[in-house]
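# Close look at the chain arrangement
Single-letter residue listing:
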Amino acid sequence: MKKINLDIVGLSYSQTQSGAYALVLGEVGGNRRLPIIIGGFEAQAIAVEIEKMTPSRPLTHDLFKAFADAYAITLQEVIIYNLIDGIFFAKLICSDGEKISEIDARTSDAIALAVRFDAPIFTYEFIMASAGIVIESNDFAFLENIESVEAAKAPQEPRKEIPTPQKKSPYSSLSDEQLEAALEKAIADEQYETAAAIRDEITYRKSSS
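Everything numeric here is computed off the predicted structure, so don't read it as measured data.

Per the secondary structure count, the chain includes 7 helices and 8 strands. Every one of the 209 residues in the chain was classed for burial, and the buried ones make up 46%. The contacts of the chain with a sequence gap of at least 6 include a subset with a gap of at least 24, amounting to 59%. With an accessible surface of roughly 10800 Å², the chain has 52% of that area assigned to carbon and sulfur atoms.

See the structure below:
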C-alpha cells in the first residue's frame with residue numbers, strides 16, 4: 001500500500017477550552033491536510049521540540065529519545081496506519097541496526113517522537129480520503145473550518161472542542177519584549193502549555209508584520 005508523506009504544518013492552541021489542541025499534518029507536495037485533536041501534554045511535547053525550547057528537566061519523550069540513543073535504537077519512521085471510529089492508530093518503525101521492530105503508539109506520542117528523531121511521518125490514502133481536508137491555498141485560513149468538518153466525525157484523540165485560532169490571545173496586550181521575557185520564564189518554570197500559548201502569539205505577530 002502506497003504511503004503518503006506528511007509534515008507538521010500547524011499546532012493551534014484553543015482559547016475556548018483549556019488543554020485542547022489541533023495538530024495539523026500536511027501532505028508533502030499536495031494540498032490535503034489531516035487535523036488531529038490531541039491532549040495538552042502531547043501538544044506541549046511537540047511544540048517544545050519544534051521551537052527548540054530547552055526544558056530544565058527532560059520531558060517523557062526526551063527520556064525515551066535518550067534511552068533509545070543509549071542503546072543505539074533509531075526511529076526510522078512513524079506510520080498512521082488506521083482510522084477506526086474516528087480514532088487514529090500509529091506505529092513506530094524502529095531499528096537497532098540488526099532488527100526492525102514495529103511498536104504501537106498513540107498518534108500524538110508517535111509524532112512527538114518523530115520530531116525528536118527527525119523521522120518521517122506517513123499515512124495511507126484511505127485515511128487521507130476519509131479524514132483529510134482539501135485546501136485551495138497554502139495559508140492557514142482552513143484552520144477556521146476544522147471545527148465544522150470535525151463535528152461530523154467520531155471522537156478523535158481525545159474528543160475536545162476544536163481550537164479556534166481567531167480568538168484574541170490573552171497575551172496580545174504585551175509588548176514584544178514582555179512576551180520574550182514571559183516565554184523564558186514559562187520555560188524555566190516548566191509551564192510548557194503557557195509557553196506554547198506565548199509562542200503562538202509571537203509567531204502570529206511575526207507572520208502579521
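Examined against the element boundaries, Leu 83 turns out to sit in strand 4 (residues 74–84). Remark: the alpha-carbon pair of Leu 83 and Ser 130, spanning 47 residues in sequence, is separated by 8.5 Å. Each residue touching Leu 83, except ones within four places of it in the same chain, is listed here: Phe 88, Phe 126, Ile 127, Ser 130 and Ala 131.

This part takes up the pattern of salt bridges. Under the definition given, this model contains 9 salt bridges. With a shortest N-O distance of 2.6 Å, Asp 62 and Arg 116 are connected by a salt bridge. Of this pair, Asp 62 sits in helix 2 (residues 60–70) while Arg 116 sits in helix 3 (residues 107–117); the two residues are 54 residues apart in sequence, bridging distant segments of the chain. Two residues, Lys 65 and Asp 69, come together in a salt bridge whose shortest N-O distance is 2.7 Å. Separated by 4 residues within a single helix, Lys 65 and Asp 69 lie in helix 2, roughly one turn from each other. On the basis of relative accessible area, Asp 69 is assigned to the partly exposed category, the value being 45%. One continuous salt-bridge network, built from bridges that share partners, spans Glu 27, Arg 32 and Glu 125.

This part takes up the pairing of strand 5 (residues 87–95). Burial analysis of strand 5 places 7 of its 9 residues in the buried class, which makes it a mostly covered element. Pairing of strand 4 with strand 5, which is carried by 9 bridges, proceeds in the antiparallel orientation. Within strand 5, the residue paired with Leu 83 across the bridge is Phe 88. What sits between the antiparallel neighbours strand 4 and strand 5 is a turn of 2 residues, in which Asp 85 has the positive phi angle 50°. Pairing of strand 5 with strand 6 (residues 100–105) involves 6 bridges; the strand directions are antiparallel. Note on strand 6: the bridge partner recorded for Cys 94 is Ser 101. Count of turn residues in the strand 5/strand 6 antiparallel hairpin: 4 residues, of which Gly 97 carries a positive phi of about 95°.

So, about the packing of aromatic side chains. The tally for this structure, following the rule as stated, stands at 3 aromatic pairs. With centroids separated by 6.4 Å and ring planes inclined at 55°, the aromatic side chains of Tyr 81 and Phe 89 adopt a geometry described as tilted. Judged by relative accessible area, which is 28%, Phe 89 ranks as partly exposed. The interplanar angle of 10° and the centroid separation of 6.4 Å between the aromatic rings of Tyr 124 and Phe 126 together place this pair among those described as stacked. Assessed through its relative accessible area of 13%, Tyr 124 is described here as buried. For Phe 126, a relative accessible area of 38% corresponds to the partly exposed category. Above the plane of the ring of Phe 117 lies Lys 65, whose end atom (NZ or CZ) is 5.1 Å from the centre.

Leu 34 and Ile 80 are the most contacted members of the largest nonpolar core, which totals 35 residues. Among the elements of the structure, strand 1 (3–13), strand 2 (21–27), strand 3 (32–38), helix 1 (40–50), strand 4, strand 5, helix 3 and helix 4 (125–131) are those that each provide at least two residues to this core. Looking at this core element by element, the count peaks at 6 residues for helix 3. Ignoring any residue separated from it by four or fewer positions in sequence, one finds Leu 34 in contact with Leu 6, Leu 23, Val 24, Leu 25, Ile 80, Phe 88, Ile 127, Met 128, Ala 131 and Gly 132. Counting residues in each nonpolar core, the second largest holds 12 residues, with Val 48, Tyr 171, Ala 197 and Ile 202 among its members.

What follows concerns the packing of helix 1 against helix 3. Where helix 1 meets helix 3, the closest approach of the two axes is 9 Å, and the angle between their N-to-C directions is 15°. If you check the angle between helix 1 and helix 3, you find them roughly parallel. Crossing handedness for the pair helix 1 and helix 3: left-handed. Residue-level contacts link Glu 42, Ala 45, Ile 46, Glu 49 and Ile 50 of helix 1 to Ser 108, Asp 109, Ile 111, Ala 112, Val 115 and Arg 116 of helix 3.

Scoring rules and cut-offs
Residues numbered from 1 in each chain as written. Predicted model: local features only at pLDDT ≥ 70, side-chain atom pairs only at ≥ 80, totals over all residues. Heavy atoms only, no water. Helix = DSSP H or I, 4+ residues; strand = E, 2+ residues; numbered from the N terminus. Buried < 20%, exposed > 50% of the residue type's maximum accessible area, 1.4 Å probe, protein only. Contact = heavy atoms within 4.5 Å. Areas by Shrake-Rupley, 256 points an atom, 1.4 Å probe, with all protein chains shown as cover. Salt bridge = Lys/Arg side-chain N within 4 Å of Asp/Glu carboxyl O. Pairing = 2+ DSSP bridges. Phe/Tyr/Trp six-rings, centres within 6.5 Å; stacked < 30°, edge-to-face > 60°. Lys NZ or Arg CZ within 6 Å of the ring centre and 35° of its normal. Core = buried A, V, L, I, M, F, W, Y, C linked by side-chain atoms within 4.5 Å. Axes fitted to C-alpha atoms, helices over the stretch in contact; angles between N-to-C directions. Parallel < 35°, antiparallel > 145°, perpendicular 65-115°, else oblique. Left-handed = near helix turned anticlockwise from the far one by under 90°.

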